[in-house]
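Structural characterization, general
Here is how the chains run, residue by residue.
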Amino acid sequence: MLLIYGAYGYTGELVARRAAAQGIDVMLGGRSAQAVAALAAELGRPHRAFGLEDPAALGAGLEGVSAVLNCAGPFSRTAAPLVDACLRARVPYLDITGEIAVLEACAARDQAARAAGIALVPGSGFDVVPSDCLAAHVAHRLPSATRLVLAFTAGTRMSRGTALTAIENAPGGGLVRRGGALRPVPSGWRTRRIDFGQGPRAAITVPWGDVATAYHTTGIPDIEVYVAVPLLVRAGLRLARGLGPLLASSAVRRRLEARVRRGPRGPSADERARRETRLWAEAANDAGRAVHARMRTPEAYELTSMTALDLAQRAARGELPPGFHTPARACGRDYILSFPGVSRDDVD
Ligand SMILES: NC(=O)c1ccc[n+]([C@@H]2O[C@H](COP(=O)([O-])OP(=O)(O)OC[C@H]3O[C@@H](n4cnc5c(N)ncnc54)[C@H](OP(=O)(O)O)[C@@H]3O)[C@@H](O)[C@H]2O)c1
């Protein structure tokens, strides 16, 4: 049976409710016995409560489980112990991280996963399923590409957990890929005007998960990811460039985290239903040729619950081969088009 760990978090609960609505057999897991039992009772699903510190408790938590979908973030704290436990128990592991260090740590366990006969598929949510498929699509159209640019519009508000994860990772600044290696750059390093289908919008570089995964999917050595942001945010980011060391200070961080915890858990059901996300990709080669494509998807958290549940079910059914996989490598570049509300257009 598929285990959803972190099931009572904002995103975990969306996945658990989607599974229950579709009549899918899932087990709910998390570290708080009370919270996981309450949700399991409401949804009529079995549950297990265990933390990630004790390998013996983790081993017991994975007994009889056919795949784990980890929705408990920040994943810098939860992925390593769960991946280790999955390798020991020979249980496929998936998560919804967009954290570059976590994605690369999973890629580094490729051989171990092959030896254990299990699939490792981090990045099964909005970050990175649609952009990974779009990257694979433009790379397929231009096999000689040496540069890849991906971009998206946020189109929704951040959940509490996403904001806490962003605060945790903020001191790291920005990242791009150059010559196949990760290269640190300042936050909001470059600005570019990008037409997502409604006229050009200013977008800035962000250390999005695709800086890690698109390289594993396409082999393209130079990669940048942009997010469209309003002028005020761009100005704020430039001002905030010097804030990295400040955010690393635990007092400042604690204050920011407390403010986030007082806010809403995430977008309401109405916001999730009304909003959408747009993506754009460019692959270019050294001869000056470039191809472009755009994509529209449902709201990011809604899409995350669809793609993560679908990929985890595939893993639980034994359909994903052993080893580390990006979503497009696991299921193909057109995989994202199988979800309702997703469309893709070539724009050149
Ligand atoms: N890639 C994507 O597209 C995407 C989409 C959505 C979310 N996310 C990421 O998913 C994560 C969760 O987001 P969210 O909005 O669902 O957050 P949330 O509502 O704060 O939920 C986080 C969940 O993780 C659990 N958790 C946190 N640290 C843990 C630990 N050390 N051990 C065990 N459980 C732990 C929490 O349990 P307690 O309440 O007991 O602490 C809670 O159940 C964030 O990192 C977010 O960035 C990514």
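Everything that follows concerns the structure shown earlier in this document.
First, a word on scope: everything that follows refers to the structure included in this document. Predicted model only: the values in this text are computed from it and were never measured.

Calculation criteria
- Counting restarts for each chain, with residues numbered from 1 along the sequence as it is written.
- Totals for whole chains, interfaces and linings use all residues, but because this is a predicted model, local features are given only for residues with pLDDT of at least 70 and pairs of side-chain atoms are given and counted only at 80 or more.
- Only hydrogens and water are removed before side-chain values are computed, so all heavy atoms of the structure are retained for them.
- In summary, the pairing rule links any two rings of Phe, Tyr or Trp, Trp by its six-membered ring, whose centres are within 6.5 Å, and it sorts them by plane angle into stacked for under 30 degrees, edge-to-face for over 60 and tilted for everything else.
- The helix count covers DSSP runs of H or I at least four residues long, the strand count covers runs of E at least two residues long, and both are numbered beginning at the N terminus.
- Between buried and exposed lies partly exposed: a residue is buried under 20% and exposed over 50% of the maximum accessible area for its type, with that area taken using a 1.4 Å probe on protein chains only.
- Here a strand pair is declared whenever DSSP counts at least two bridges between the two strands.
- Working note: the arc is built from the helix axis to C-beta atom directions.
- Note on geometry: axes are lines fitted to C-alpha atoms, helical ones only across the stretch in contact, with angles between N-to-C directions running from 0 to 180 degrees.
- For classification purposes, an angle smaller than 35 degrees is called roughly parallel, one larger than 145 roughly antiparallel, one from 65 to 115 roughly perpendicular, and anything else oblique.
- Crossings are classed by handedness, with left-handed meaning an anticlockwise turn of the near helix from the far one by less than a right angle and right-handed meaning a clockwise turn.
- In this analysis, two residues are considered to be in contact whenever any of their non-hydrogen atoms come within 4.5 Å of each other.
- Note on residue categories: nonpolar means Ala, Val, Leu, Ile, Met, Phe, Trp, Tyr, Cys or Pro, charged means Asp, Glu, Lys or Arg, and polar means any other residue, Gly included.
- Consider each residue's heavy atoms; a residue with any of them within 4 Å of a molecule or strand counts as near.
- Whenever two N or O atoms come within 3.5 Å, that pair is a polar contact, provided that in protein one can donate a hydrogen and the other can accept it, and provided that, for residues adjacent in sequence, both atoms are side-chain atoms.
- Computed with a 1.4 Å probe, the accessible areas rest on the Shrake-Rupley method; for each residue, only the protein chains presented here act as cover.
- Here a salt bridge means any side-chain nitrogen of Lys or Arg lying within 4 Å of a carboxyl oxygen belonging to Asp or Glu.

**Observations concerning the packing of aromatic side chains**
Throughout the structure, instances matching the rule amount to six aromatic pairs. Centre to centre, the rings of phenylalanine 126 and tryptophan 208 are 6.4 Å apart; their planes meet at 65 degrees, and the pair counts as edge-to-face. In this pair, phenylalanine 126 is assigned in the loop between β6 (119–121) and α7 (129–141) and tryptophan 208 in the loop between β11 (200–205) and α9 (210–218), connecting sequence segments 82 residues apart. By relative accessible area, phenylalanine 126 is classed as buried at 6%. A relative accessible area of 23% places tryptophan 208 in the partly exposed class. Here the aromatic rings of tyrosine 335 and phenylalanine 339 are separated by 5.2 Å at their centres, their planes lie at 90 degrees, and the arrangement is edge-to-face. With a relative accessible area of 4%, tyrosine 335 lands in the buried category. Through successive ring pairs, a cluster of aromatic residues spans Phe126, Phe152 and Trp208.

**Some thoughts on the pairing of strand β8 (residues 174–178)**
Counted residue by residue, β8 has four buried out of five residues, so it is predominantly covered. Direction of pairing for β8 relative to strand β9 (residues 181–185): antiparallel, over a ladder of five bridges. The residue bridging arginine 177 from the neighbouring strand is leucine 182, located in β9. Hairpin connection from β8 to β9: two residues lie between these consecutive antiparallel strands, with glycine 179 at a positive phi of about 55 degrees.

**Concerning helix α5 (residues 100–107)**
All of the buried residues along α5 are Ile100, Val102, Leu103, Cys106 and Ala107. In an axial view of α5, the angular spread of the buried residues amounts to 165 degrees, which keeps them on one side of the axis.

**Some points on the packing of helix α1 (residues 10–21) against helix α14 (residues 300–316)**
Pairs of packed helices are described in terms of their axes, by the angle between the two and the distance that separates them. Two numbers describe how α1 lies on α14: the axes approach to 9 Å, and their chain directions differ by 60 degrees. Judged by the inter-axis angle, α1 sits oblique to α14. As α1 runs across α14, the sense of the crossing is right-handed. On α14, the residues that touch Tyr10, Thr11, Leu14, Val15, Arg18 and Ala19 of α1 are Tyr301, Glu302, Thr304, Ser305, Met306 and Leu309. Here the residues of the contact of α1 with α14 are counted per class, giving seven nonpolar, three polar and two charged.

**As for the site of the ligand**
Neighbouring the ligand are 26 residues; Tyr8, Arg31, Ile96, Ser159 and Thr165 lie closest to it. In this structure, an oxygen atom belonging to the ligand sits 3.1 Å away from a main-chain N or O atom of phenylalanine 126. Within the backbone of aspartate 127, an N or O atom sits 2.8 Å from an oxygen atom of the ligand. Protein contacts shield 83% of the accessible area of the ligand, which totals 930 Å² for the unbound molecule. Mapped onto the shell around the ligand, the elements with two or more residues apiece are α1, α4 (75–89), α8 (160–169) and α14. Split by residue class, the shell around the ligand holds eleven nonpolar, 13 polar and two charged.

**Structural notes on the pattern of salt bridges**
Evaluated as defined, the whole model comprises 22 salt bridges. Taking the shortest distance from any N to any O, the salt bridge between arginine 114 and aspartate 110 comes out at 3.0 Å. One end of the pair is arginine 114 and the other is aspartate 110, both in helix α6 (residues 110–116) and four residues apart, which spans about a single turn. For arginine 114, a relative accessible area of 44% corresponds to the partly exposed category. Measuring nitrogen to oxygen at the nearest pair gives 2.8 Å for the salt bridge that ties glutamate 276 to arginine 278. A network of salt bridges, in which partner residues are shared, links Glu13, Arg17, Glu42 and Arg265.

Geometric descriptors of this kind do not, in isolation, establish any biological role.
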